[in-house]
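Working through the structure, step by step
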Amino acid sequence: MCGIVGYTGHRQAAPILLDGLSRLEYRGYDSAGLAVRNGKAATEIVKATGKLYHLADKTDQGRSLPDTCGIGHTRWATHGDPSIINAHPHVSGNSTGPGGGEGDSDVVGVHNGIIENYTELKEKLLRHGYQFYSDTDTEAAVKLVDYYYKKYQIGPVDAITRTMVRIRGSYALALMFRDYPEEIFVARKDSPLIIGTADDASYLASDAPAILKYTRQVYYIENLQVARISCGSVRFYDLNGDETSLPMTEITWDAAAAEKDGYEHFMLKEIHEQPTAVRDTLNSLLKDGRIDLSAAGLTDEMIRGLKQVEIVACGSAWHVGMAAQYVIEDLARIPVRVELASEFRYRSIPMAPDTLVIVISQSGETADSLAALRVARERGAQTLAIVNVVGSTIAREADHVLYTLAGPEIAVATTKAYSAQLIAMDVLAIQMALLRQTISQDEYVHLTEEMGTIPDKIRRVLEDKERLQWFSSKIANAHDIFFIGRGLDYAISLEGSLKMKEISYIHSEAYAAGELKHGTISLIEKNTLVIGILTQSQLFEKTISNMAECKSRGAYLMGITTNGNFAVEDSVSFTVYVPRTDEHFIPSLAVIPLQLLAYYTSVNRGLDVDKPRNLAKSVTVE
Ligand code: AGP
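Predicted, not measured: the structure shown is a model, and the values here were computed from it. (Residues numbered from 1 in each chain as written. Predicted model: local features only at pLDDT ≥ 70, side-chain atom pairs only at ≥ 80, totals over all residues. Heavy atoms only, no water.)

1. A closer look at the site of the ligand
Just so we agree on the cut-off: Here, proximity means that at least one heavy atom of the residue falls within 4 Å of the molecule or strand. For this analysis, a polar contact is any N or O atom pair within 3.5 Å, provided that within protein one partner can donate a hydrogen and the other can accept it, and provided that sequence-adjacent residues contribute only side-chain to side-chain pairs. Residue-level accessible areas treat just the shown protein chains as cover; the underlying method is Shrake-Rupley with a 1.4 Å probe. Helix and strand labels come from DSSP, where a helix needs a run of H or I of at least four residues and a strand needs a run of E of at least two; each type is numbered from the N terminus. Gly counts as polar in this scheme, as do all residues outside two lists: the nonpolar Ala, Val, Leu, Ile, Met, Phe, Trp, Tyr, Cys and Pro, and the charged Asp, Glu, Lys and Arg.
Of all residues adjacent to the ligand, which total 14 residues, the nearest are Ser 361, Gln 362, Ser 363, Thr 366 and Glu 502. Interatomic distance of 2.7 Å between a side-chain N/O atom of Ser 363 and an oxygen atom of the ligand. One of the backbone N or O atoms of Val 412 is found 2.8 Å from a nitrogen atom in the ligand. For the ligand, whose free accessible area comes to 410 Å², the fraction covered by protein is 91%. Breaking the shell around the ligand down by element, the ones donating at least two residues are α9 (315-332) and α17 (488-504). Classifying every residue of the shell around the ligand gives 5 nonpolar, 7 polar and 2 charged.

2. Side note on the sheet that holds strand β22 (residues 382-387)
The condition that has to hold: We call two strands paired when DSSP finds no fewer than two bridges between them. To get an axis, a line is fitted to the C-alpha atoms, and for a helix only the part in contact is used. The angle between two axes follows their N-to-C directions and goes from 0 to 180 degrees. Contacts are residue-level and defined by heavy atoms, with any inter-residue pair within 4.5 Å sufficient.
Reading across the sheet, the 5 strands line up as β20-β19-β21-β22-β23 and stay open at both edges, with parallel pairing between neighbours. Strand pairing shows two members of the sheet lacking a second neighbour, β20 (336-340) and β23 (400-403), which therefore form its edges. Strand after strand, the sheet turns through a mean of 20° between neighbouring axes, direction not considered. Where strand β19 (residues 308-313) lies against strand β21 (residues 355-361), 5 bridges are found, and the strand directions are parallel. Along β21, the bridge assignment pairs Val 309 with Leu 356. With respect to the sheet, α9 is in contact with β19, β20 and β21, its orientation differing from that of β20 by roughly 175°. Helix α13 (residues 416-435) rests against β19, β21 and β22 of the sheet, and its axis sits at about 160° to β21.

3. A look at the sheet that holds strand β26 (residues 529-534)
Strands in a sheet are paired, the pairing made by backbone hydrogen bonds, and the direction either parallel or antiparallel. In space, the 5 strands of this open sheet follow the order β25-β24-β26-β27-β28, with parallel pairing throughout. Looking at the sheet topology across the chains shown, the edges are occupied by β25 (507-512) and β28 (574-578). Here the strands of the sheet are splayed against their neighbours by 15° on average, with no regard to which way each runs. Two strands pair when backbone bridges link them, and strand β24 (residues 480-485) and β26 are joined in this way by 4 bridges, in the parallel orientation. Bridging across to β26, Phe 482 finds its partner in Val 530. Contacts between α17 and the sheet are confined to β24, β25 and β26, with β25 contributing the most and set at about 175° to the helix.

4. Things to note about the pattern of salt bridges
Let me state the cut-off plainly: Should a side-chain nitrogen of Lys or Arg be within 4 Å of a carboxyl oxygen of Asp or Glu, the pair is scored as a salt bridge. Buried means the residue's accessible area, taken with a 1.4 Å probe over protein chains only, is under 20% of the maximum for its type, while exposed means over 50%, and partly exposed covers the values in between.
All told, the structure shown has 31 salt bridges when counted by the stated rule. Residue Arg 23 pairs with Asp 19 through a salt bridge whose shortest N-O separation is 3.0 Å. What makes Asp 19 buried here is its relative accessible area of 15%. Between Glu 273 and Lys 416 there is a salt bridge, with the nearest N and O atoms lying 2.7 Å from each other. You can see Glu 273 sitting in the loop between α6 (266-272) and α7 (274-285) and its partner Lys 416 sitting in helix α13, a full 143 residues away along the chain. Comparing Glu 273 with Lys 416 shows no difference in burial state: the two are buried.

5. A few points about empty space enclosed by the protein
Spelled out, the test is: With a 1 Å grid spanning the protein atoms alone, the term cavity applies to any set of points in which a 1.4 Å probe fits but cannot get out, the term pocket to an open set with protein on both sides within 12 Å along at least five of seven lines, and the term lining residue to any residue with an atom within 4 Å of a point. Grid points are joined across faces, edges and corners, and a volume is the space filled by probe spheres set on the points.
Applying the stated criterion across every chain, the model contains 2 cavities of 30 Å³ or more. Lining the second largest cavity are Val 5, Gly 6, Ile 16, Leu 17, Gly 20, Tyr 203, Leu 204, Ala 210 and Ile 211. Looking at the lining of the second largest cavity, the elements that each hand over two or more residues are β1 (3-9), α1 (13-22) and β11 (201-205). When its residues are assigned to classes, the lining of the second largest cavity shows 7 nonpolar, 2 polar and no charged.

Have a look at this one:
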């Protein structure tokens, strides 16, 4: 996944492009580049490998590029290694020069996504005399636009629409044409793209934080649309090249929300924003103390008639599904299957009538989850999206959508969006149970009131962070860490393990506590850290005995349990307590120490917490 930006107006473009790219670095950061021009015949192209600051240094923070129209790109490599030559922008000519330099090309472009049939396109273009300098799929797309542009002597919009018909895959493309100075042309399919306008300028970006400081007036360009962007205005076209219109949306959340607010890392800020994220999400789903899902268009009749729920997602969102499965089945008595989106999309799962497929996604752009959504719809299931980004592709393609109100989440490792998704699924489970009369009115009132205490209880868990910071310094050199639990505790252990892996790079596994003895316990040796999640009272003794099995083989034990459950200290060396609550909602509390433990361990190891290696915030490729 990559980040793209664009600007055309009366100000110097390069500093604005660099600023926008700095807010998209979470989308990929193994190389970056800019292309600027303002009417001069040639285009100035500058590229750099590594983090964005290398590009900023190379252009004197953009000051060395005086032009007023330009595009920029920060890359997460999918095709071709993260080298200068593979860095975007790419051109229709034979080279962008050793480090960028003068692009002597008619067409210059940047791209986020994957052109799946780029090899065949490349062969076609080679036959027509084009030469390729990079290993990227993007270069083939830019050259194909140029090919149609010259062959049919048509305008940029028509050359682009012809290209769109020909290519397969996903793209957010931003292109500049030598013959159309001070204009930028964009095309979109499945990769995110937002366009903003102000009185004296126009902007484009992969995500809103990149342009929010300049304008709140934005357009969510739709799939298979093209836009012609000039200074302060934009025109839209469909795949036939016919002009069409799009509503302008006003963005409401503020730029500060996308800044660090004094925290060392976005992740720590977002961990501390969880009480607010959970409270706001909860409040958006309650009206006068009663659950109201009308905004999603989920009718009572549909919910009563449900025979099966399929939850489909990736990564942490899938872990939310694993927790929600227990809650929905226990409260609403509906069978729930939880599927990895990357598996679901290729499995021939029989879809019974009256199945609801719930796709959970923070970004709303994850390629596997989007593909799974489309498969579910093709098979006739009703689909519900639980997403955090308004106007995201998954939100717009699902039959129904419930937004989490976590605000912009910048750290690659999700925390507040995960917690907001958890509470949204708890709300859904309770409403399903009430409508299907598997809980009484009194139980409904108890559950909704108890849910309302979760934000404050999360706040209380956060007050324990210094102990976790201390403990993390003891495990910073661990090689293997095991997270174990049963039932909901197992679902929580999945998230604890992923958090630790993705930001501390320590190998870790989450295991159903009862399953360890069927093989994996052979990995337990002296001082292996085993973290037991012990919040489900009915399963406490079972899990404690599994932990004792590990301890007898030399393991070092940590336990997370609820206040007052002091018996655990007879077994483990380090205990974290979370406030008592209805056990269905415990994941919202028990995950907090695990997030903090992973965060402080990563910091202790001197790692880049917000932008961990090899990862990207939203994986918009397969
Ligand atoms: C979570 O910390 C990871 N960054 C990753 O697993 C993420 O949850 C997954 O890629 C799904 O992303 P989405 O919620 O935007 O679809």
